[in-house]
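# Residue-level structural notes
Single-letter residue listing:
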Amino acid sequence: EKEKTIVPGNSLILACRSPQQVSTKDNFILRLTEGIQTSALSRGLNLFVPRTVAMIRTPIIDDAHMENLLRDIQEVSHPAGIILDMLYPDEMIRKHILPHIGNLPCVIAGRKSKLPVQTVSLPFMKCADDAARLAMQSGAEEFFIYEDSRNPWGGNAEMCQRLQDLLMKAGFSRKQIHFCDKILTFRQRDAELRDELKEKILSSSHKILVFSSSDYFSETIMNELHEECCFGKRCSLISFGGFECMMTNIPPVTSIVPDARK
């Protein structure tokens, strides 16, 4: 079937989650959306937000949702392109969106993809480089790396692996680096990991550095361990993401914070 040719228009379709008030737990998508809106409007584009995106926070994005989204998209007379939320799975985009948009530019915001579309994702390798630099400046002799591979941003596994590789390249041995994956999967496992970390910190004569690739896990560490383990003195914590809740601790938690607006 011959590909449908679409003449670019002046309406950018922004199929991203509905903006909500910035909070300590939910701000990345809002800031990403703010950046998109500011850039689009400065270029003289109109913005069209599909009605269907109001339901994107539901746990499962099913065929019915995607069919409704496609109908919303097809209502736009002169689209300039489509920006899709990172929570739309590749298989759903391939099945419901790509066959019907012809040569219209399509971008997935916030994560990588194997689809023939453009993507904008976080600079995970640069974040790992920054984390390694801070870790080596901390004076720590032992490291705990917690990997959250289920995050929809993707890239957390590669970031944590690069951090481990950089620490080993700097001369630290495998015995000095504890790599823990699959955090935030089972509550019991998370509790066991926190207990293990607590025991190590309290029994150690040297400084320990903790890197968490999820602010959610960092928050539980601070809630459960901060008082006894004295983060900032006996040990240090570097958190990835930038939730405002990380700044409410004393001293504030060192955070790797990508600027979602850019």
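What counts and how
- Residues numbered from 1 in each chain as written.
- Predicted model: local features only at pLDDT ≥ 70, side-chain atom pairs only at ≥ 80, totals over all residues.
- Heavy atoms only, no water.
- Helix = DSSP H or I, 4+ residues; strand = E, 2+ residues; numbered from the N terminus.
- Buried < 20%, exposed > 50% of the residue type's maximum accessible area, 1.4 Å probe, protein only.
- Contact = heavy atoms within 4.5 Å.
- pLDDT = per-residue confidence, 0-100.
- Expected span 1.5 Å × (residues − 1).
- Bend = angle between axes of the 7 residues up to and from the residue.
- Polar contact = N/O pair within 3.5 Å; in protein donor to acceptor, adjacent residues only side chain to side chain.
- Phe/Tyr/Trp six-rings, centres within 6.5 Å; stacked < 30°, edge-to-face > 60°.

All right, on to the overall build of the protein then. From N to C terminus, the protein includes seven helices and 10 strands. Seen along its three principal axes, the alpha-carbon backbone of the protein occupies a region of about 70 × 35 × 35 Å. When the 262 residues of the protein are sorted by exposure, 46% land in the buried category. If you take every contact in the protein between residues at least 6 apart in sequence, the share linking residues at least 24 apart comes to 70%.

Moving on to the confidence of the model for the protein. Model confidence for the protein is summarised by a mean pLDDT of 88, while 91% of its residues fall at 70 or above. Across the protein, element-level confidence peaks in strand S6 (residues 142-146) with a mean pLDDT of 98 and bottoms out in helix H1 (residues 28-42) with 85. The model gives residues 1-7 a pLDDT under 50, and that stretch makes 11 contacts with residues more than four places away or in other chains.

Attention shifts here to helix H7 (residues 215-229). Compared with the 21 Å implied by 1.5 Å per residue over 15 residues, the 18 Å span of H7 between its first and last C-alpha is markedly short. Considering bend angle alone, the principal kink of H7 is centred on Asn223 and spans about 40 degrees. Positive phi shows up at Cys230, right after H7, with a value of about 55 degrees.

A few words now on the environment of Lys207. Structurally, Lys207 can be placed in the loop between helix H6 (187-203) and strand S8 (208-212). A relative accessible area of 23% places Lys207 in the partly exposed class. The spatial distance from the C-alpha of Lys207 to the C-alpha of Gly155 is 28 Å, given a sequence separation of 52 residues. Excluding anything up to four places from it in sequence, Lys207 contacts Ser138, Gly139, Ala140, Glu141, Glu142, Lys233, Arg234, Cys235 and Ser236. At 3.3 Å, the side chain of Lys207 forms a polar contact with the side chain of Ser236.

This part is about the side chain of Ser212. Looking at where Ser212 falls in the secondary structure, it is placed in strand S8. On the basis of relative accessible area, Ser212 is assigned to the buried category, the value being 0%. Side-chain polar atoms of Ser212 contact the backbone oxygen of Ser214, separated by 2.7 Å. When sequence neighbours within four positions are dropped, the list of residues in contact with Ser212 reads Tyr146, Phe217, Ser218, Leu237, Ile238, Ser239 and Phe240.

For the rest of this paragraph, the subject is the packing of aromatic side chains. Taken as a whole, this structure holds four aromatic pairs when the rule is applied. Their ring planes at 45 degrees and their centres at 5.9 Å tell us that Phe124 and Phe240 sit as a pair that is tilted. Taken as a pair, Phe124 in helix H4 (residues 124-137) and Phe240 in strand S9 (residues 235-240) lie far apart in primary sequence, 116 residues in all. Among the residues examined, Phe124 registers a relative accessible area of 4% and is labelled buried. Judged by its relative accessible area of 1%, Phe240 is buried. Here the aromatic rings of Phe143 and Phe172 are separated by 4.7 Å at their centres, their planes lie at 75 degrees, and the arrangement is edge-to-face. With Phe143 in strand S6 and Phe172 in the loop between helix H5 (156-169) and strand S7 (177-180), this residue pair connects regions lying 29 residues apart in the sequence.

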